[in-house]
Amino acid sequence: MSEKSSGDERGRLEVEALCKDYETGHSPLTVLDGLDLRLEAGDALAVTGPSGCGKSTLLHILGTLEPPTSGAVRIDGVDPFALPEAELASFRGREVGFVFQDHHLLPQFNVLQNVTLPTLAVGGNETDDRARELLAAVGLEERLTHRPAQLSGGERQRVAIARALINRPSLLLCDEPTGNLDPKTAEVVADLLFDLQARERRTMVVVTHSEELAERFENRLRLGVVAGVAS
Ligand code: ADP
Ligand code: MG
């Protein structure tokens, strides 16, 4: 969508004629019907649209958690859904960072441990130093040994952002990352998200209900409701 990046960086995303049907009792439910999208490395895209229009479905497909019914997804030229299942899992662990509306931090681990955990899954060589650096970038260098329950909602989302970036993913995918936060905290978290995305030069897709947040993005995609879906 923009021409600011050169082609040799990671995070180029191509989506062509993407369709997603869910099998339901009688007739399939068409949620995405022929979506095209192209992002260059370092681009940031906001995805908006009414509840039930398929925003989370799109994010799950981009994050390789869910295959499309038809159409193509390529991340830096790779079709992840053509990979064998075991390779797909490690591809996802390396190339995709997720931030959800709920922080999804593990309650029994402290902040530093939560941020470093994803490195174990991919046998990566990112270290505590990288985790500390990211946690400092989100202003939590004084909270390394806190458990999630000992943090505020905004702080938990900041940890989730650091965790999503630890493996230097090609794509940073965020589903309503500020949806559970009060407006002032939401703004602080959104500022940090943009700062880190720019600093780490990640390609970012953010689903949001907030028009205010969406307006901060250079690229915006508004999903409509496919006939028969949502009401
Ligand atoms: P959004 O995130 O925009 O609110 P979703 O992508 O979660 O929307 O869902 C889009 C539509 O697909 C909704 O109507 C939802 O009920 C339906 N849906 C989502 N996941 C499934 C599933 N696993 N099986 C069947 N229908 C689903
Ligand atoms: Mg959703």
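Quick caveat: nothing in here was measured; it's all calculated off a predicted structure.

Enquirer: How would you summarise the site of ligand 1 if you had to cite specific residues and measurements?
Expert: What surrounds ligand 1 is a group of twelve residues, the closest being Gly-52, Gly-54, Lys-55, Ser-56 and Thr-57. Residue Gly-52 places a main-chain N or O atom 2.7 Å away from an oxygen atom belonging to ligand 1. In the model, an oxygen atom of ligand 1 is placed 3.0 Å from a nitrogen or oxygen of the Gly-54 main chain. Secondary-structure elements contributing two or more residues to the shell around ligand 1 are strand E2 (29–39) and helix H1 (55–62). For the shell around ligand 1, the leading source of residues is H1, giving three residues.

Enquirer: Give me the nonpolar core: which residues, what numbers.
Expert: Leu-135, Val-159, Leu-172, Met-204 and Phe-217 are the most contacted members of the largest nonpolar core, which has 36 residues in total. For this core, the secondary-structure elements that each account for two or more residues are strand E3 (44–48), helix H3 (111–121), helix H4 (128–137), helix H5 (153–165), strand E6 (171–175), helix H6 (183–200), strand E7 (203–207) and helix H7 (211–214). The element best represented in this core is H6, accounting for seven residues. Here Phe-217 is in contact with Ala-44, Leu-45, Ala-46, Phe-194, Met-204 and Val-206, once residues within four sequence places are set aside.

Enquirer: Give a detailed account of helix H2 (residues 85–95), specifying residues and quantitative values.
Expert: Listing the buried residues of H2 in full gives Leu-88, Phe-91 and Glu-95. Looking straight down H2, one finds its buried side chains confined to an arc of 60°; they lie on one side. Buried residues belonging to H2 abut strand E4 (70–75), strand E5 (96–99) and E6.

Enquirer: How would you summarise the pattern of salt bridges if you had to cite specific residues and measurements?
Expert: One pass over the structure, following the stated rule, counts 13 salt bridges. For Arg-10, the salt bridge goes to Glu-95, with nearest N and O atoms at 3.2 Å. Of the two residues, Arg-10 is situated in the segment before strand E1 (13–22) and Glu-95 in helix H2; the sequence distance between them amounts to 85 residues. Under the relative-accessibility criterion, Arg-10 is labelled partly exposed at 35%. Between Arg-74 and Glu-16 there is a salt bridge whose closest N-O contact spans 2.8 Å. Taken together, the positions of Arg-74 in strand E4 and Glu-16 in strand E1 put the pair 58 residues apart, joining distant regions of the chain. Looking at Arg-74, the relative accessible area reads 24%, which means it is partly exposed.

Enquirer: With reference to specific residues and values, describe the pairing of strand E8 (residues 219–222).
Expert: Alternating residues of E8 divide into Asn-219 and Leu-221, all buried, and Arg-220 and Arg-222, none buried. Where E3 lies against E8, four bridges are found, and the strand directions are parallel. Of the residues in E8, the one forming a bridge with Ala-46 is Arg-220.

The rules we used
Residues numbered from 1 in each chain as written. Chains lettered and ligands numbered in written order. Predicted model: local features only at pLDDT ≥ 70, side-chain atom pairs only at ≥ 80, totals over all residues. Heavy atoms only, no water. Near = heavy atom within 4 Å. Polar contact = N/O pair within 3.5 Å; in protein donor to acceptor, adjacent residues only side chain to side chain. Helix = DSSP H or I, 4+ residues; strand = E, 2+ residues; numbered from the N terminus. Core = buried A, V, L, I, M, F, W, Y, C linked by side-chain atoms within 4.5 Å. Buried < 20%, exposed > 50% of the residue type's maximum accessible area, 1.4 Å probe, protein only. Contact = heavy atoms within 4.5 Å. Arc of directions from axis to C-beta. Salt bridge = Lys/Arg side-chain N within 4 Å of Asp/Glu carboxyl O. Pairing = 2+ DSSP bridges.

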